[in-house]
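The primary structure of each chain is shown beneath.
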Amino acid sequence: QVQLVESGGGLVQPGGSLRLSCAASGRFFSIDLMAWYRQYPGKQRELVASISSGATTRYANSVKGRFTISRDNDKKTVYLEMNSLKADDTAVYYCSADCAVQRGVFFRYWGQGTQVTVSS
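Heads up: these notes are all about the structure in this document. (Residues numbered from 1 in each chain as written. Predicted model: local features only at pLDDT ≥ 70, side-chain atom pairs only at ≥ 80, totals over all residues. Heavy atoms only, no water.)

A short note on the overall build of the chain
Right, so step 1: When its secondary structure is counted, the chain shows zero helices and 11 strands.
Right, so step 2: Along the chain, from the amino end to the carboxyl end, the secondary structure elements read β-β-β-β-β-β-β-β-β-β-β.
Right, so step 3: For 120 residues, the compact-globule estimate of 2.2 N^0.38 gives 14 Å, and the C-alpha radius of gyration of the chain, at 14 Å, lies within 12% of that figure.
Right, so step 4: Taken over the C-alpha atoms alone, the chain extends approximately 45 × 25 × 25 Å along its principal axes.
Right, so step 5: Going through the 120 residues of the chain one by one, you find that 41% of them count as buried.
Right, so step 6: Sequence-distant contacts in the chain: of pairs separated by 6 or more residues, those separated by 24 or more amount to 54%.
Right, so step 7: Carbon and sulfur atoms make up 46% of the accessible area of the chain, which totals about 6600 Å².
Right, so step 8: Looking at charge distribution, the chain has the averaged site of its 14 positive side-chain charges lying 3 Å from that of its 9 negative ones. (Helix = DSSP H or I, 4+ residues; strand = E, 2+ residues; numbered from the N terminus. Rg over C-alpha atoms; globule rule 2.2 N^0.38 Å. Buried < 20%, exposed > 50% of the residue type's maximum accessible area, 1.4 Å probe, protein only. Contact = heavy atoms within 4.5 Å. Areas by Shrake-Rupley, 256 points an atom, 1.4 Å probe, with all protein chains shown as cover. Lys, Arg positive; Asp, Glu negative; His and termini not counted. Charge placed at Lys NZ, Arg CZ, Asp CG, Glu CD.)

The structure is reproduced here in structure tokens:
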């Protein structure tokens, strides 16, 4: 079993900052890609940012220059530093991790989601 536990969501004013964390635990050999997605009500989940095991990062255009994804491989944790937050960033944020439960066989696991609300 692999579990991803998220933390750090909440209410913040426009222009403020939040830091999301997502820690992986359970039985797996390694973690490849880790990512953050968000979902608006009634919409499909969309990719916000991803980071490979080699620390290559990708960002959605809407968050470039404002959000930073990072990971700590020793702690099996991925982070999302969110700055200059806007009302449009209000959504439920999910982390994902591609974990090898058998050597060379990866499955994507998801966190439970954490609400981020940007409002004055």
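Examining the sheet that holds strand 1 (residues 2-7)
Right, so step 1: Strand order in the open sheet made by the four strands is 1-3-8-7, with antiparallel pairing throughout. Of all strands in the sheet, those with a lone pairing partner are strand 1 and strand 7 (67-72), marking the two edges. Shown here is a sheet whose adjacent strand axes are inclined to one another by a mean of 15°, direction ignored.
Right, so step 2: Bridging between strand 7 and strand 8 (residues 77-82) involves six bridges; their strand directions are antiparallel. For Asp-72, the partnering residue across the bridge sits in strand 8 and is Thr-77. (Pairing = 2+ DSSP bridges. Axes fitted to C-alpha atoms, helices over the stretch in contact; angles between N-to-C directions.)

Description of the nonpolar core
Right, so step 1: Core analysis: the largest hydrophobic core is formed by 29 residues, its most contacted members being Trp-36, Val-48, Phe-67, Val-78, Leu-80, Met-82 and Tyr-93.
Right, so step 2: When residues of this core are traced back to their parent elements, those giving at least two are strand 1, strand 3 (18-26), strand 4 (30-39), strand 5 (46-51), strand 7, strand 8, strand 9 (91-102) and strand 11 (114-118).
Right, so step 3: For this core, the element with the highest residue contribution is strand 9, accounting for five residues.
Right, so step 4: When near neighbours in sequence (up to four residues on either side) are disregarded, Val-48 contacts Trp-36, Tyr-37, Arg-38, Arg-58, Tyr-59, Ala-60, Val-63, Phe-67, Leu-80 and Tyr-93. (Core = buried A, V, L, I, M, F, W, Y, C linked by side-chain atoms within 4.5 Å.)

Comments concerning the packing of aromatic side chains
Right, so step 1: Counted according to the given criterion, the structure contains one aromatic pair.
Right, so step 2: For Arg-45, the ring lying beneath its charged end belongs to Tyr-94, and the centroid distance is 3.7 Å.
Right, so step 3: Taking the ring centre of Trp-110 as reference, the NZ or CZ of Arg-45 above it sits at 4.7 Å. (Phe/Tyr/Trp six-rings, centres within 6.5 Å; stacked < 30°, edge-to-face > 60°. Lys NZ or Arg CZ within 6 Å of the ring centre and 35° of its normal.)

As for the side chain of Arg-38
Right, so step 1: Following the sequence through the fold, Arg-38 ends up in strand 4.
Right, so step 2: Of the residues examined, Arg-38 reaches a relative accessible area of 3% and is grouped as buried.
Right, so step 3: In terms of polar contacts, Arg-38 uses its side chain to reach the side chain of Tyr-40, at 3.3 Å.
Right, so step 4: Every residue in contact with Arg-38, bar those within four places of it in the chain, is listed here: Gln-44, Arg-45, Glu-46, Val-48, Ser-62, Val-63, Phe-67, Asp-88, Asp-89, Ala-91, Val-92 and Tyr-93. (Polar contact = N/O pair within 3.5 Å; in protein donor to acceptor, adjacent residues only side chain to side chain.)

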